[in-house]
Amino acid sequence: MNIDFTFENPTRIHFGRTAMQHLPEELRLYGSNVLLVYGKNSIKASGLYDQVIAVLKETGKNVCELSGINSNPRYSQVLEGARLVRENHVDLILAVGGGSVIDCCKGISASAYCDGDAWEKYWMQGEAVSGRITPIGTILTMTGTASEMNSGAVITNEERKIKQGRVFPMGDLNPRFSILNPEFTYSVPRYQMVSGIFDIFSHLMEQYFGGDDDNVSDYLLEGDMRALISAARAALRDPHNYEARSNIMWCATMGLNKILAVSKKQDWEVHQIEHQLGAYTDCAHGIGLAIISVPYYRHIYRYGLHRFVRYARNIWDVDPTGKSDEQVALEGIDRLSDFIAELGIPQTLREVGATEEMLPLIAESANKIGGYHTPTTEEVLEILRACY
Ligand code: NZQ
Ligand code: ZN
């Protein structure tokens, strides 16, 4: 553990089939005005909306609503929610949905009492939140991002064509509580389910690659990756397999609640490229990550050969006998590609709506951070062309 760290995570998790029973006791901790935020239709179709409204009524809350939050939530929706928070003197923002709804709520909380241009201050300049923060609680319906237990908020500024992630200081915008019932994810369409699964896998790889330390986090990341592969296969066979869906849900939350990142050098370049792909195509986040990952790792593995060999052996059980390190590393990346195909994820950018003209714009606008190697715009373009 070579890098010093401070770890804190203030989100209380209620997990399992009975998790909703904790909603009344959580709601009673806040004042009477609640902003309920959700997506387009799924929570009404599943009946969860009625269930939540009933609990809000029982606990005597005045409820205002913001619905229709897009996948890849938009800054205009953040501003609309911020207005509702101010006008209704909201005491708690309740997010019911996936990462997009939760991220939007964090944006709303940060922006409601911001003095000045919140986009510029928080997403462009990375400033600390200056105004009052309204607490957030979540009821998770789609698993992948871990937004339910972290302080990240990825928002798309549709006018500027920028999808920008912001990790707020730990604690500031973490949900105060999150309710995780794996059964709520049964109704997630298969395309979104595999998108979420690959998002989790990508979070684990982004944290695993980037340094050659040998610390506790590396072993925990390997365990989470192996658990996820096994649970993903079981959920593909039977989407109503509770054990599989609950394992995927917890792999996700653990995958980006920062516990596995302590003392780690990390990468996150695949996410930077995907965010701009999302800004141009509005594609599902995990699908975009899957398409970019294989050409990206084939491009950078030489800079971290030792770690890619370890990945091939410990995650994909590649047999190194008689092979060079380079062959083992590449075989590990091939296994990753096979896993993406097994999930039924598209393999090309065309299939998610990218056009050839978009590629230089995405390459130019993607943040270049890298781990083993910081790519240039030309290299990012090469990676994008390899999966176009
Ligand atoms: O809008 P509704 O009707 O609710 O439908 C949603 C949406 O179309 C649907 N859905 C959710 N729960 C469902 C369901 N459909 C049926 N049954 C259910 N139970 O699923 C679709 C996708 O939902 P969304 O919230 O967009 O997915 P996800 O959780 O993958 O979130 C993606 C967003 O999170 C960001 C991504 O960039 C993207 O904007 N991320 C946030 C991170 C964070 N806060 O730390 C980290 C991630 O790396 C990621 O960047
Ligand atoms: Zn992600």
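Owing to the predicted nature of the structure, the values given are computational and were not obtained by experimental measurement.

Colleague: Talk me through the overall build of the protein; I want residue IDs and the actual numbers.
Modeller: Of regular secondary structure, the protein possesses 15 helices and eight strands. Computed over its C-alpha atoms, the radius of gyration of the protein comes to 20 Å, within 12% of the 21 Å expected for a compact globule of 388 residues. Considered along the principal axes of its C-alpha atoms, the protein spans approximately 70 × 45 × 45 Å. For the protein, the residues scored as buried account for 60% of the 388 residues in total.

Colleague: Lay out the packing of helix α8 (residues 216–237) against helix α9 (residues 242–255) with the relevant residues and their values.
Modeller: Angle between the axes and distance between the axes: these two values describe a pair of packed helices. One can describe the packing of α8 onto α9 by two numbers: an axis separation of 8 Å at closest approach and a directional angle of 145 degrees. Crossing handedness for the pair α8 and α9: left-handed. In contact with Asp224, Ala227, Leu228, Ala231, Ala232, Ala234 and Ala235 of α8, α9 contributes Ala244, Arg245, Asn247, Ile248, Cys251, Met254 and Gly255. Across the contact of α8 with α9, the residue classes tally to 10 nonpolar, two polar and two charged.

Colleague: Just give me the short version of the coordination of the zinc ion (ligand 2), but keep the residues and values in it.
Modeller: Ligation of the zinc ion (ligand 2) by protein atoms is provided by Asp199 (OD), His203 (NE2), His271 (NE2) and His285 (NE2), these donors lying 2.0 to 2.2 Å from the ion. The sequence pattern formed by the donor residues of the zinc ion (ligand 2) is D-x3-H-x67-H-x13-H. Pair noted here: aspartate 199 is in helix α7 (residues 190–208) and histidine 285 is in helix α11 (residues 285–300), with a separation of 86 residues, a long-range link. Of the residues examined, aspartate 199 reaches a relative accessible area of 3% and is grouped as buried.

Colleague: Break down the domain arrangement of the protein for me, with residues and values.
Modeller: Partitioning the protein into structural domains gives domain 1 (12–185) and domain 2 (190–387). With centres defined by C-alpha atoms, the gap from domain 1 to domain 2 works out at 27 Å. With 29 residues of domain 1 at the contact, the number on the domain 2 side is 26 residues. Interface area lost by domain 1 to domain 2 is led by Thr143, Lys161 and Lys163, which between them contribute 24%. The tally of links from domain 1 across to domain 2 stands at two salt bridges. Among the ionic pairs, lysine 163 bridges to glutamate 274, the shortest N-O distance being 3.5 Å. In this assembly, domain 1 and domain 2 are joined by eight residue pairs in polar contact (both at pLDDT 80 or more). Per-class residue counts for the side of domain 1 that touches domain 2 are 12 nonpolar, 11 polar and six charged.

Colleague: Run through the state of the cysteines, naming residues and quoting values.
Modeller: A disulfide bridge is the covalent bond that connects two cysteines by way of their sulfur atoms. All chains considered together, the criterion is met by zero disulfides. Not part of a disulfide, cysteine 283 finds its nearest cysteine sulfur in cysteine 387, a span of 11 Å.

Colleague: Now, about the site of ligand 1: what can you tell me, with residues and values included?
Modeller: Not every one of the 30 residues close to ligand 1 is listed here, only the nearest: Lys40, Asn41, Ser42, Gly99 and Ser100. Interatomic distance of 2.9 Å between a backbone N/O atom of phenylalanine 184 and a nitrogen atom of ligand 1. For the shell around ligand 1, the secondary structure elements donating two or more residues are α5 (99–111), β6 (152–157), α7 and α10 (269–281). Its residues assigned to classes, the shell around ligand 1 comprises seven nonpolar, 19 polar and four charged. When residues of the shell around ligand 1 are sorted by domain, at least three fall in each of domain 1 (12–185) and domain 2 (190–387).

Colleague: Hey, could you go over a nonpolar patch on the surface for me, with residue numbers and the actual values?
Modeller: Together, Met1, Phe5, Phe7, Val216 and Leu220 line one region of the surface with nonpolar side chains, adding up to about 460 Å² of accessible area. On the secondary structure map, valine 216 appears in helix α8.

Colleague: So what's going on with empty space enclosed by the protein? Residues and values would help.
Modeller: Rolled over the atoms, a probe sized like a water molecule indicates the empty space that remains. Inspection of the entire model under this criterion finds one cavity of 30 Å³ or more. Considered as a void within the structure, the largest cavity measures approximately 60 Å³ in volume. Looking at the largest cavity, the residues that line it are Met142, Thr143, Thr185, Val188, Gln192, Met193, Ile197, Arg245 and Ile248. Those elements that place two or more of their residues in the lining of the largest cavity are α7 and α9. In terms of residues, the lining of the largest cavity owes the most to one element, α7, which gives three residues. Class assignment of the residues belonging to the lining of the largest cavity gives a composition of five nonpolar, three polar and one charged. When residues are assigned to domains, the lining of the largest cavity turns out to be shared by domain 1 (12–185) and domain 2 (190–387), each giving three or more.

Colleague: Please set out the layout of surface pockets residue by residue, giving values where relevant.
Modeller: For the second largest pocket, the calculated volume is near 180 Å³. Along the wall of the second largest pocket there are 13 residues; nearest its centre are Thr6, Phe7, Met170, Lys258 and Val262. Taken together, the residues of the lining of the second largest pocket break down into seven nonpolar, four polar and two charged. A domain-level breakdown of the lining of the second largest pocket finds at least three residues from each of domain 1 (12–185) and domain 2 (190–387).

What counts and how
- Residues numbered from 1 in each chain as written.
- Chains lettered and ligands numbered in written order.
- Predicted model: local features only at pLDDT ≥ 70, side-chain atom pairs only at ≥ 80, totals over all residues.
- Heavy atoms only, no water.
- Helix = DSSP H or I, 4+ residues; strand = E, 2+ residues; numbered from the N terminus.
- Rg over C-alpha atoms; globule rule 2.2 N^0.38 Å.
- Buried < 20%, exposed > 50% of the residue type's maximum accessible area, 1.4 Å probe, protein only.
- Axes fitted to C-alpha atoms, helices over the stretch in contact; angles between N-to-C directions.
- Left-handed = near helix turned anticlockwise from the far one by under 90°.
- Contact = heavy atoms within 4.5 Å.
- Nonpolar A, V, L, I, M, F, W, Y, C, P; charged D, E, K, R; others polar.
- Donors = N, O, S within 2.8 Å, 3.2 Å for Na, K, Ca; no water.
- Domains from an automatic or database assignment.
- Buried area = accessible area lost by both parts, 1.4 Å probe.
- Salt bridge = Lys/Arg side-chain N within 4 Å of Asp/Glu carboxyl O.
- Polar contact = N/O pair within 3.5 Å; in protein donor to acceptor, adjacent residues only side chain to side chain.
- Disulfide = S-S within 2.5 Å.
- Near = heavy atom within 4 Å.
- Patch = residues over 30% accessible without salt bridge, like charges linked within 9 Å, V, L, I, M, F, W, Y side chains within 5 Å.
- Areas by Shrake-Rupley, 256 points an atom, 1.4 Å probe, with all protein chains shown as cover.
- 1 Å grid on protein atoms, 1.4 Å probe; cavity = no way out; pocket = protein on both sides within 12 Å on 5 of 7 lines; lining within 4 Å.
- Points joined across faces, edges and corners; volume = space filled by probe spheres on them.

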